[in-house]
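# Structural description and commentary
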Amino acid sequence: MSVLVYTESEEGTFKKVALEVASYAKAVADLMGTTVTAVTINANDTSVLGNHGVDKVLTITDSKLNAFNANAYADIIKQAATKEDAKVVIVSSSADSKYLAPLLAIDLNAGFASNVVEAPSSTSPFTVKRTAFTNKAFNMTTISTDVKLVAVSKNAFGIVENSASATAETFSPSIPEFGVNVESVDKVTGQVTIADADIVVSGGRGLKGPENWGMIEELADVLGAATACSKPVSDLGWRPHSEHVGQTGKPVASNLYIAVGISGAIQHLAGINASKVKVVINTDPEAPFFKAADYGIVGDAFEVLPKLITKLKEFKAQQ
């Protein structure tokens, strides 16, 4: 009986969240006195999972699974959990896992705790700490079902080096009919994605127009960050909707979130509250964002950003 963890990959490479959930699974397994088994789908090099505490890897390779399908993936993970007699199943809180987790909970008849931020405070009863009220509070949740399903919040537990000798085993589950045929997938290339970014630089209407977005992109390039925007900016067509972050857009749980010219509407703050350090640059000292920020600069972005970019470039040149 091992702890089962689903480790996500994209085009054969493990995502950052895969290493986070593997690290979390190791912590849970240590508390329970058991081992960690990972499920991978079309991943290339699974040995890296052993560096984060995984003891066994169930490798699934099938071209029909190249495109994510929540129903099919949930069914496959259920089969793996049954095979391993897993009583605790762990997934991430990525966009894909948010689709498959409820389906998996039903398949396993499992109690489901989402947005988990710490290893269990107790395994008998199984109790975890979760964020609540759009990251404004925490609650302690006890899962009493025989099988427990846990979704770990991004950047909450972190990546922990915990070497183990991982063995790989080919797993060939029955693959259900999808009902949907994916003909093509268009992806942005050459940019850091919001979902995977440790740093996000976001702009609002304070930038006055799309022609000024070069400052945001240059700052993001210097920091190795993803670019994002507020809802009004995407509604105006200045930036694509894929960059809209907030309660009605993409949630952000980065290590550093820099907001430029964003006042801080409650819907925006709700979507970025999980970020660890929040920096705001705004001309209005009464902007709501300043109350939520860890650091704030009252100033004109057109004056602050060029100076900030110059200083960061000088600092990087000295490294």
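All residue numbers here refer to positions counted from 1 along the written sequence of the relevant chain. A pLDDT threshold of at least 70 governs which residues receive local features in this predicted model, and a stricter bar of 80 or more applies before side-chain atom pairs are shown or counted, although totals over entire chains, interfaces and linings include all residues. Only heavy atoms go into the side-chain values, all of them from the structure, while hydrogens and water stay out.

### Overview of the overall build of the chain
Scanning the chain from terminus to terminus reveals eight helices and 17 strands. By the compact-globule yardstick of 20 Å for 319 residues, the chain fits well, its C-alpha radius of gyration being 21 Å. Reported as C-alpha extents along the three principal axes, the dimensions of the chain are approximately 60 × 45 × 40 Å. Only protein chains enter the accessibility calculation, which uses a 1.4 Å probe. A residue is then buried if its area is under 20% of the maximum for its type, exposed if over 50%, and partly exposed in between. In the chain, which comprises 319 residues, the share counted as buried stands at 48%. Across the chain, contacts joining residues at least 24 apart in sequence account for 64% of those joining residues at least 6 apart. Numbering of helices and strands starts at the N terminus; helices are DSSP runs of H or I of at least 4 residues and strands are runs of E of at least 2. A radius of gyration in this sense is built from C-alpha atoms; the matching globule rule multiplies 2.2 Å by the number of residues raised to 0.38. By definition, residues are in contact when any of their heavy atoms lie within 4.5 Å.

### Things to note about the environment of Val147
Along the chain, the position of Val147 falls in the loop between strand 10 (137-143) and strand 11 (148-152). Along the primary structure Val147 and Lys291 are separated by 144 residues, whereas in three dimensions their C-alpha atoms are 41 Å apart. Discounting chain neighbours no more than four positions away, the residues touching Val147 are Ala86, Lys87, Val89, Leu108, Ala110 and Gly111.

### Here we look at helix 4 (residues 214-223)
Within the sequence span of helix 4, burial applies to Met215, Ile216, Leu219, Ala220 and Val222. Seen end-on, helix 4 carries its buried residues on one side only, within an arc spanning 160 degrees. Here the arc refers to the set of directions running from the helix axis out to each C-beta atom.

### Focus on unusual backbone geometry
In this structure, the amide linkage connecting Ser124 to the following residue, Pro125, adopts the cis form with an omega of 0 degrees. A positive phi is found at Asn42, a non-glycine position, where the angle reads about 55 degrees. Even without glycine at this site, Asn155 takes up a positive phi of about 65 degrees.

### Digging into the nonpolar core
Core analysis: the biggest nonpolar cluster contains 27 residues, and Leu4, Val89, Val91, Leu100, Leu104 and Leu149 have the highest contact counts within it. When residues of this core are traced back to their parent elements, those giving at least two are strand 1 (3-6), strand 4 (36-41), strand 5 (56-60), helix 2 (70-84), strand 6 (88-92), helix 3 (95-108) and strand 11. The dominant element in this core, judged by the number of residues it contributes, is helix 2, at seven residues. When sequence neighbours within four positions are dropped, the list of residues in contact with Val89 reads Leu4, Ile77, Ala81, Leu104, Leu108, Val147, Lys148, Leu149 and Val150. In terms of nonpolar packing, the next biggest core, distinct from the first, is built from 26 residues, Leu49, Val57, Ile90 and Phe126 among them. The term nonpolar core refers to a set of buried residues drawn from Ala, Val, Leu, Ile, Met, Phe, Trp, Tyr and Cys, joined through side-chain atoms within 4.5 Å.

### So, the environment of Ser153
Among the structural elements, Ser153 can be located in the loop between strand 11 and strand 12 (167-170). In sequence terms Ser153 and Val21 are 132 residues apart; their C-alpha atoms lie 9.1 Å from each other. When neighbours within four sequence positions are excluded, Ser153 is seen to be in contact with Glu20, Ser93, Asn115, Val116 and Val117.

### Regarding the pairing of strand 13 (residues 199-203)
With respect to burial, strand 13 is a largely interior element, five of its five residues being buried. Side chains Ile199, Val201 and Gly203 of strand 13 all project onto a buried face; the interleaved residues Val200 and Ser202 project onto the opposite face, where all are buried too. Should DSSP find at least two bridges between two strands, the strands are regarded as paired. Pairing between strand 13 and strand 15 (residues 256-260): five bridges, direction parallel. From the neighbouring strand, Gly203 faces strand 15, where its bridge partner is Val260. The sheet contact formed by strand 13 and strand 14 (residues 226-229) spans four bridges and is parallel. Each residue of the ladder has a partner; that of Val200, found in strand 14, is Ala226. Assignment of crossover handedness uses the view with strands pointing away from the viewer, where a clockwise path from the first strand over the helix to the second indicates a right-handed crossover. Crossover handedness for the path strand 13 to helix 4 to strand 14: right-handed.

### Quick look at the packing of helix 4 against helix 8 (residues 301-317)
The N-to-C vectors of helix 4 and helix 8 enclose an angle of 20 degrees; their axes lie 10 Å apart at closest approach. Our classification of the angle between helix 4 and helix 8 gives roughly parallel. Pair helix 4 / helix 8 crosses with left-handed handedness. Where helix 4 approaches helix 8, its residues Met215, Ile216, Glu218, Leu219, Val222 and Leu223 are matched on the opposing element by Ala301, Phe302, Leu305, Pro306, Leu308, Ile309, Leu312, Lys313 and Lys316. Looking at side-chain class alone, the contact of helix 4 with helix 8 contains 12 nonpolar, no polar and three charged residues. Here an axis means a line fitted to C-alpha atoms, over the contact stretch when the element is a helix, while the angle between two N-to-C directions is reported on a 0 to 180 degree scale. Note on terminology: angles under 35 degrees are roughly parallel, angles over 145 are roughly antiparallel, angles of 65 to 115 are roughly perpendicular, and the others are oblique. For a crossing to be left-handed, the near helix must be turned anticlockwise from the far one by less than a right angle; the clockwise case is right-handed. In this classification, Asp, Glu, Lys and Arg are treated as charged, Ala, Val, Leu, Ile, Met, Phe, Trp, Tyr, Cys and Pro as nonpolar, and every other residue, Gly included, as polar.

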